[in-house]
Each structure stands twice: as C-alpha cells, then as structure tokens.
Amino acid sequence: MNRVFFVPPKKEEIIFQQWLNTDRCNLETIIKPVDEFVPYLVDKIDKLITHDFIHKQQSSFLRNKKDTLKDDEILAICDFSENYSFIIQNAAQGYHWNNSQATIHPFEIYYMKDNKLVNVSFIIISEVMAHDTVAVQLFISKMIDFMKQLTNFSKIYFMSDGAASQYKNKKNFASLCRFQSKHALRAEWHFFFATSHGKGPCDAIGGTLKRMAKRASLARDYGNTITTPRELYNWAVVHTDKNITKLNFCYVSTEQYIKMSEDLEEIYNNAKTIPGTQKFHSFLPIPGDKVKANRYSNSEDEPKIFSMIGKK
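Before going into details, it helps to say that this report is about the structure given with it. Computed from a predicted structure; not experimentally measured.

Parameters at a glance
Residues numbered from 1 in each chain as written. Predicted model: local features only at pLDDT ≥ 70, side-chain atom pairs only at ≥ 80, totals over all residues. Heavy atoms only, no water. Helix = DSSP H or I, 4+ residues; strand = E, 2+ residues; numbered from the N terminus. Buried < 20%, exposed > 50% of the residue type's maximum accessible area, 1.4 Å probe, protein only. Contact = heavy atoms within 4.5 Å. Areas by Shrake-Rupley, 256 points an atom, 1.4 Å probe, with all protein chains shown as cover. Pairing = 2+ DSSP bridges. Arc of directions from axis to C-beta.

### Focus: the overall build of the chain
Helices and strands together make up the secondary structure of the chain, namely 7 helices and 12 strands. Within the chain, buried positions represent 45% of all 312 residues. Considering only residue pairs separated by 6 or more positions, the chain has 67% of its internal contacts joining residues 24 or more positions apart. Total accessible area on the chain stands at roughly 17,900 Å², and carbon and sulfur atoms take up 51% of it.

### Things to note about the pairing of strand β3 (residues 73-78)
Taken residue by residue, a regular strand's side chains alternate between the two faces of the sheet. Along β3, 6 of the 6 residues are buried, which leaves the element largely enclosed by surrounding structure. Taking every second residue as pointing to the same face, both faces of β3 are buried, with Glu 73, Leu 75 and Ile 77 on one and Ile 74, Ala 76 and Cys 78 on the other. Note that β3 and strand β7 (residues 155-160) share 5 bridges and pair parallel. Note that in β7 the partner of Ile 74 across the bridge is Ile 156. With 5 bridges connecting them, β3 and strand β5 (residues 101-113) associate as antiparallel partners. Bridge assignment links Ile 74 to a residue of β5, and that residue is Tyr 111.

### A short note on the environment of Ala 130
Summarising the element assignment, Ala 130 is placed in the loop between β6 (116-126) and α2 (133-147). Residue Ala 130 is classed as partly exposed on the basis of its relative accessible area, which comes to 27%. Taking C-alpha positions, Ala 130 is 9.5 Å from Gln 166, a pair spaced 36 residues apart along the chain. Setting aside residues no more than four positions away along its own chain, Ala 130 makes contact with Ala 135 and Tyr 257.

### As for unusual backbone geometry
A positive phi is found at Asn 115, a non-glycine position, where the angle reads about 65 degrees. With respect to the helices and strands, the residue Asn 115 is situated in the loop between β5 and β6. Accessibility expressed as a relative area gives 68% for Asn 115, which makes it exposed. At Ala 184, a position not held by glycine, the phi torsion is positive, near 60 degrees. For Ala 184, a relative accessible area of 62% puts it in the exposed group.

### Points about helix α6 (residues 229-239)
Of the residues making up α6, those classed as buried are Pro 229, Leu 232, Tyr 233, Trp 235 and Ala 236. All buried residues of α6 project into a common sector of 165 degrees when viewed along the axis, lining one side.

These values are about where atoms sit, not about what they do.
In structure tokens form, the structure reads like this:
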C-alpha cells in the first residue's frame, strides 16, 4: 500500500539589499519570508518617516533662527571634517603607509552687523587626533575668543549633527550646564539635521580647505612640503586669503588639549546620561545643572527635564 505524505508548499521569500552597520557599513543581501518581511518593512518605514520629520523641523528652525537673530546673539554651526592626510608629490612608495594627519574642525558663524545677517568661517587646525567632547569644548573656547573681536554677544545657539562621541552625549550637556559660569554667555544646543542626514556649510568649508591644501602640496618640492598640522596651519594663514575670503584659522596643540581635559575631568566624571538621548534634538540649560530636552526645537510639547551633574 502506497502512503501519500502532504508536503507543505515552500514559503515565498523576499530578496532585498540593505545597508547594515557592524564595525563598518556594508550593503548586504537579505532573504526573508513574506510574513516576516512585511512587519520588518513597516518598522523601517516608520523610522524613515520620523527621520524625515525631524530633518524638516530642524531645517525650519535653522532658517527661522537666521531670520530672527538678535544683535546680541550668534549662531554657530559646527562639525568635524574628515581628517586631512598629508600628501607629497613624487613621494617614496613607503610614504603611502604614513598615517600622519591633521584634524579640521570648521565653524560657520552668523551674526548681525549693521542690521544685516553676516557670516564668517572659523577653522580649527589641530595635531589632536581625538574627536571627542574635550576637543569640542577646547575648539569652542577658541571660537568664542575669535568672535569677541568681531561683535558683542551674550548668547550662542550651537547647531551640529548628532555624533554621539562628539556632540550628543552627557559630557557635552554637562558642559552646556556650566557654560554661563565658564564663559559668561548663555547657550543652547540644537541638532539641526537628523543624524547622518544632509550636508551643512562646514562640509563645504572643510572640503575647500583640504582641496586647496592638496593642490598646493603637490606643487611644492621636497624642501617646502606640507607634512605636519603646524605646516598646514602656516600655509593656510598665508595663502588662503588670496583665494577665499572670510576664512580664519586657529591652531590647537596637544598641550592645550591636555589642559582642557584636566579642567573638565571633575565635571565629566560626575556627568549623568540622559535616557534616550538620541530621540531629543533640542537642549536648553536651566539652573541647578539641569537641561530641558525636547524632541525637536520648535516642539510645543512639555520638555523633559534632566539633572546632568551630580555625585554618583
């Protein structure tokens, strides 16, 4: 007697590609059954809609802030550029493996002058390879010293991307709480784009500087190379004024970084993490070492209040 076995039909599958982050970003092929793919896709679309909403809200806030900036306020957009790698014309083959670089951190700053909105570019060139909160605070101090030569101001609106190691972290918000006592200035921090969404003016400034430096370096002989951060700074101060206006430079040394790290050590050791930090895009300090955090800068929702500094 023959036995007949029921063989269930094979589930339909969806084959698609997606960018995935592990230790680096890769485009990978994924295969999922239809019944798993649908909720997976819905979840991704929901995150995309949120991402797009935040981007539009923060872009609107940035445009409005430029239109309504007061005489005693400045707006500072900041971002790390990709490090500049030194290059030499006709270099020996082994120089390819040389990892000598310079940190480039531009600020694009807006302020009112004669009832008009004007902007100026301020670029940090540094031998410090740490792209962390200590470096950010050191660079901000240099930017403030520079801006005090141009205008009188009592408040700064900082705007940046949401890089967690540099700007969007407990240490930076702890520094924001102590900003007025340290600099005698009020400050707010807003994240003007959703993370990894869009390019800002700092990308253009940093890219322009590196392109010009590369061209100048390839035109030089062995006795006049640009191979250190200090040499890059010296070249930038002398030569970029001939080609691009409104570029201003400052050099930051390792010794200055170490000193700033020591000054901030106690505050950072006692800084508290904000639960769900990445979902907030507006941070305003209030008395008592606290910050008001909101989902986006123009939100009318009641802000969340977090204590930032305290003994653990």
